[in-house]
Amino acid sequence: MLARRFYPRIGGVEKHLLEICRVLVRRKYDITVITEDNDPDLLRDDFFYFEADKIRIIRLRAADNRNCLWGELFKLRKIIKQADIIHVHDFAVFIYWYLPLRFLYPHKRLYITFHGWEGVYPPQLITILKRKL
């Protein structure tokens, strides 16, 4: 799973992602969530388990410069390579996080959940076309 924010952050996407992970863990799937954060308490370990649900959470330092984030994701490319499927949450995460890795793994199974239109409503035609693409 790739998402900008994850538990213990509060929000609709965060809650949705946590509940999906819990269901998949109960079905015996191994889940890794790659997310970003700048909270020093959450970043004390790069890899740790959310003990209640055995969800592996990898927190990257949130970066203003997306290239820095791509570098951190590139270091995790073995995790991406080993994954059976990549589930990306939101269009911006796909474009700014996963798209460069897509060129390394063009045949990797990918699932994207769009959590809203991320902008004005009703959405403009270009916004709709980007998501369909």
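Residues numbered from 1 in each chain as written. Predicted model: local features only at pLDDT ≥ 70, side-chain atom pairs only at ≥ 80, totals over all residues. Heavy atoms only, no water.

(A) A look at the layout of surface pockets. As a volume, the largest pocket reaches approximately 750 Å³. As for the largest pocket, its lining consists of 22 residues, of which Asp 30, Ile 31, Thr 32, Ala 83 and Ile 85 are closest to the centre. Put simply, the parts of the chain that give the lining of the largest pocket at least two residues each are helix H1 (12–26), strand E1 (32–37), helix H3 (77–82), strand E4 (85–89) and strand E5 (109–113). Of the residues assigned to the lining of the largest pocket, the class counts are 14 nonpolar, three polar and five charged. (1 Å grid on protein atoms, 1.4 Å probe; cavity = no way out; pocket = protein on both sides within 12 Å on 5 of 7 lines; lining within 4 Å. Points joined across faces, edges and corners; volume = space filled by probe spheres on them. Helix = DSSP H or I, 4+ residues; strand = E, 2+ residues; numbered from the N terminus. Nonpolar A, V, L, I, M, F, W, Y, C, P; charged D, E, K, R; others polar.)

(B) Up close: the confidence of the model for the chain. Put simply, the chain has an average pLDDT of 82, and 83% of its residues get 70 or more. When the elements of the chain are averaged for pLDDT, strand E2 (residues 47–50) gives the smallest value, 48, and E4 the largest, 94. (pLDDT = per-residue confidence, 0-100.)

(C) A look at the packing of aromatic side chains. Summed over all chains, the structure comprises two aromatic pairs. Taking 6.2 Å as the distance between ring centres and 50° as the angle between the ring planes, the aromatic pair formed by Phe 91 and Phe 114 counts as tilted. Of this pair, Phe 91 sits in helix H4 (residues 91–102) while Phe 114 sits in the loop between E5 and helix H5 (125–132), and the two are 23 residues apart along the sequence. Look at Phe 114 and you get partly exposed, because its relative accessible area is 32%. Each ring, one from Phe 94 and one from Tyr 98, has its centre 6.3 Å from the other, and the planes form 40°; the classification is tilted. Pair noted here: Phe 94 and Tyr 98 are both in helix H4, with a separation of four residues, about one helical turn. For Phe 94, a relative accessible area of 15% puts it in the buried group. (Phe/Tyr/Trp six-rings, centres within 6.5 Å; stacked < 30°, edge-to-face > 60°. Buried < 20%, exposed > 50% of the residue type's maximum accessible area, 1.4 Å probe, protein only.)

(D) Representation of the environment of Gly 12 in the model. Here Gly 12 is to be found in helix H1. For Gly 12, a relative accessible area of 58% puts it in the exposed group. Considered as a pair, Gly 12 and His 115 are 103 residues apart in the sequence and their alpha carbons are 8.5 Å apart.

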